[in-house]
Amino acid sequence: MSFSSLGLSPALVNAALERAYLEPSVIQAEAIPAILAGRDVLASAPTGSGKTAAFCLPLLDLLRKRPPAVVRPATRQVHTLILVPTRELAAQVGETLETLTRHLTPSIKLAVIFGGVSINPQMLHLRGGADIVIATPGRLLDLLAQNALQLADVRCLVLDEADRLLELGFAEELTRVLTTLPASRQNLFFSATIPLLVAALANKLLNDPLRINLEDGIKQSQQSPQRPDSDDVDGSGDRNTNAANGTSTGNVPDITQRAISVDAQQRTQLLRHLIESEKWPRVLVFVATKYAAELVAAKLRRARINAEPFHGELSQGKRTQVLMDFKASRVKVVIATDVAARGIDISNLPVVVNYDLPRSSDDYTHRIGRTGRAGESGMAISFVCADSANEAHFRLIEQRHQKKIVREVIGGFESDGSITAATELISDSNGGIKGRRPSKKDKLRALASKEQEEG
Ligand code: AMP
């Protein structure tokens, strides 16, 4: 299949080729024709499967084909709004769009706006409007409050990592943004995980959407791939696909999942041991708190391992620098909170480690999806501490992923304690694991993690 057969114009096919996108990935093949036809889309597709280009390519084509009267937006007006949950993701989507638009005529004006940096250059840049604004919700609201832009003419709203944006932590800000948008617009919601509750919420915002549900390939990775043309299309035109397409951006991320049973106190030593014995060139390590990120990075540095922390309390300059250095292999180990769990695209990242287990099975999907992107293979290792709650929590994650992962024990790092019977844990339909309904504590945690992400 080719990009042109999806209805993209030659200029966009060339733009894709320039990024070495030779043929569409599954999500691109499904979404592009529908977006070009002006439909709303609610799409879930695995991490690293090419979701960004799946909405960017057709959006740019639609923008190019606008009637001349609306080619340049009126002062401070915006044509397309792309909302993302983190600053890094805003920058990344902006970079993708920047390369895709480089040779397009008429030119397309992009504005990337996020917090943690001075607002003034962003205000200046927004003078005269922008064709596409890529924003985190908090800074967008600040700019709206300063009348630096208006959203009354937005024709298309994209929620990238839609489930995160529709969650509690962002609910209030998202609602405020939505009230500034015209009711009649195209809506495109994308994520690797769309829990049922969030899908119900999304449906209220969508107008007769095409639902694309490319099953989580991580869950399916033990099964034999089916042919790409075996999609089950029910009468509604909605797509349910569980096949790899055999291209470099197939639907099934090739991620080997491992779990190591370890004494909680020995995790840093185990991490150090693995980095050295398995000779990982680079590794992204997830921890639960910024404190742990700082502490583990400091301990590794003392052992002469080039490690940096990455969390929401760092200055934006530092966050950008660490990510740049990591991508360029100038930093070997990044110890991150979940601020790095979503969307960030690091090519050739061979290993992700869950030093602390993620809170939910959806967070697990996003974390391990930082490796094994765009057809590469990767490895995800989870440290499971030998206490009953930790073990039970990981079992629940396994259940959700319909996967049993053998617990490895590495001599010298095992716990003396035995694992007691799994504690009964209650799961919620959000992929959360700690209670039937979000408790006050959950709500505070959601807000805190959101603040950490967006700042
Ligand atoms: P995304 O899921 O949008 O973050 O994309 C994951 C990676 O796949 C990125 O590095 C993209 O540049 C790459 N990619 C996206 N579409 C294609 C394609 N059609 N062919 C090859 N690589 C792609």
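The rules behind each value
Residues numbered from 1 in each chain as written. Predicted model: local features only at pLDDT ≥ 70, side-chain atom pairs only at ≥ 80, totals over all residues. Heavy atoms only, no water. Phe/Tyr/Trp six-rings, centres within 6.5 Å; stacked < 30°, edge-to-face > 60°. Helix = DSSP H or I, 4+ residues; strand = E, 2+ residues; numbered from the N terminus. Buried < 20%, exposed > 50% of the residue type's maximum accessible area, 1.4 Å probe, protein only. Contact = heavy atoms within 4.5 Å. Near = heavy atom within 4 Å. Polar contact = N/O pair within 3.5 Å; in protein donor to acceptor, adjacent residues only side chain to side chain. Nonpolar A, V, L, I, M, F, W, Y, C, P; charged D, E, K, R; others polar. Domains from an automatic or database assignment. Axes fitted to C-alpha atoms, helices over the stretch in contact; angles between N-to-C directions. Parallel < 35°, antiparallel > 145°, perpendicular 65-115°, else oblique. Left-handed = near helix turned anticlockwise from the far one by under 90°. Pairing = 2+ DSSP bridges. Arc of directions from axis to C-beta.

**Q** Explain the packing of aromatic side chains residue by residue, including any values.
**A** Taken as a whole, this structure holds three aromatic pairs when the rule is applied. Between Phe 55 and Phe 190, the aromatic rings sit 5.3 Å apart at their centres with planes inclined by 55 degrees, giving tilted as the arrangement. Taken together, the positions of Phe 55 in helix H3 (residues 51-64) and Phe 190 in strand S6 (residues 186-191) put the pair 135 residues apart, joining distant regions of the chain. Note on accessibility: Phe 55 and Phe 190 belong to one class, buried.

**Q** Please provide a residue-by-residue account of the side chain of Arg 367, values included.
**A** Mapped onto the fold, Arg 367 is located in helix H14 (residues 361-368). Judged by its relative accessible area of 1%, Arg 367 falls in the buried class. Setting aside anything within four residues of it in sequence, one finds Arg 367 in contact with Phe 286, Val 287, Asp 338, Ala 341, Val 352, Asn 354, Asp 356, Leu 357 and Pro 358.

**Q** Outline the site of the ligand, supporting the account with residue identities and numerical values.
**A** As a structural note, the neighbourhood of the ligand is formed by 16 residues, with Tyr 21, Gln 28, Thr 52, Asp 345 and Arg 373 the closest of them. Interatomic distance of 2.9 Å between a backbone N/O atom of Gly 50 and an oxygen atom of the ligand. Here the shell around the ligand is composed, by residue class, of three nonpolar, eight polar and five charged. The residue makeup of the shell around the ligand includes at least three contributed by each of domain 1 (4-247) and domain 2 (254-451).

**Q** Got a sec to walk through the packing of helix H4 (residues 87-101) against helix H13 (residues 316-327)? Specific residues and values, please.
**A** Taken N-terminus to C-terminus, the directions of H4 and H13 make an angle of 60 degrees; their axes are 11 Å apart at the nearest point. The angle between H4 and H13 places the two elements in the oblique class. Crossing handedness for the pair H4 and H13: right-handed. In contact with Arg 87, Glu 88 and Gln 92 of H4, H13 contributes Gln 316, Arg 319, Leu 323 and Lys 327. Classifying every residue of the contact of H4 with H13 by side-chain character gives one nonpolar, two polar and four charged.

**Q** Now, about unusual backbone geometry: what can you tell me, with residues and values included?
**A** Looking along the chain, the bond that leaves Thr 105 and enters Pro 106 is cis, with omega of -10 degrees. Within the secondary structure, Pro 106 is located in the loop between H4 and strand S3 (110-113). Even without glycine at this site, Lys 279 takes up a positive phi of about 50 degrees. Locating Lys 279 in the fold gives a position in the loop between helix H11 (267-277) and strand S11 (283-286). On the accessibility criterion, Lys 279 (67% relative accessible area) is exposed.

**Q** Talk me through the pairing of strand S1 (residues 41-44); I want residue IDs and the actual numbers.
**A** In S1, alternate side chains face the same way, and those of Val 41 and Ala 43 on one face and Leu 42 and Ser 44 on the other are all buried. By the bridge criterion, four bridges tie S1 to S6 in an arrangement that is parallel. Paired with Val 41 across the bridge in S6 is Leu 188. Across four bridges, S1 lies against strand S7 (residues 210-214) in parallel orientation.

**Q** Now, about the environment of His 103: what can you tell me, with residues and values included?
**A** Its place among the elements puts His 103 in the loop between H4 and S3. In this structure His 103 comes out as exposed when scored by relative accessible area, which is 57%. As a C-alpha pair, His 103 and Ala 15 span 88 residues in sequence and 7.6 Å in three-dimensional space. A distance of 3.4 Å separates the side chain of His 103 from the side chain of Glu 18, its partner in a polar contact.

**Q** Any chance you could break down helix H1 (residues 10-18) for me, citing the residues and the numbers?
**A** All of the buried residues along H1 are Leu 12, Val 13, Ala 15 and Ala 16. Buried residues of H1, seen end-on, are gathered within an arc of 160 degrees and therefore sit on one face of the element. Projecting away from the buried face of H1 at angles above 90 degrees are the exposed residues Pro 10 and Glu 18. Those residues of H1 hidden inside the fold are in contact with H3 and H4. Phi turns positive one or two residues past the end of H1, at Ala 20, with a value near 65 degrees.

By themselves, these figures tell us nothing about what the structure is for.
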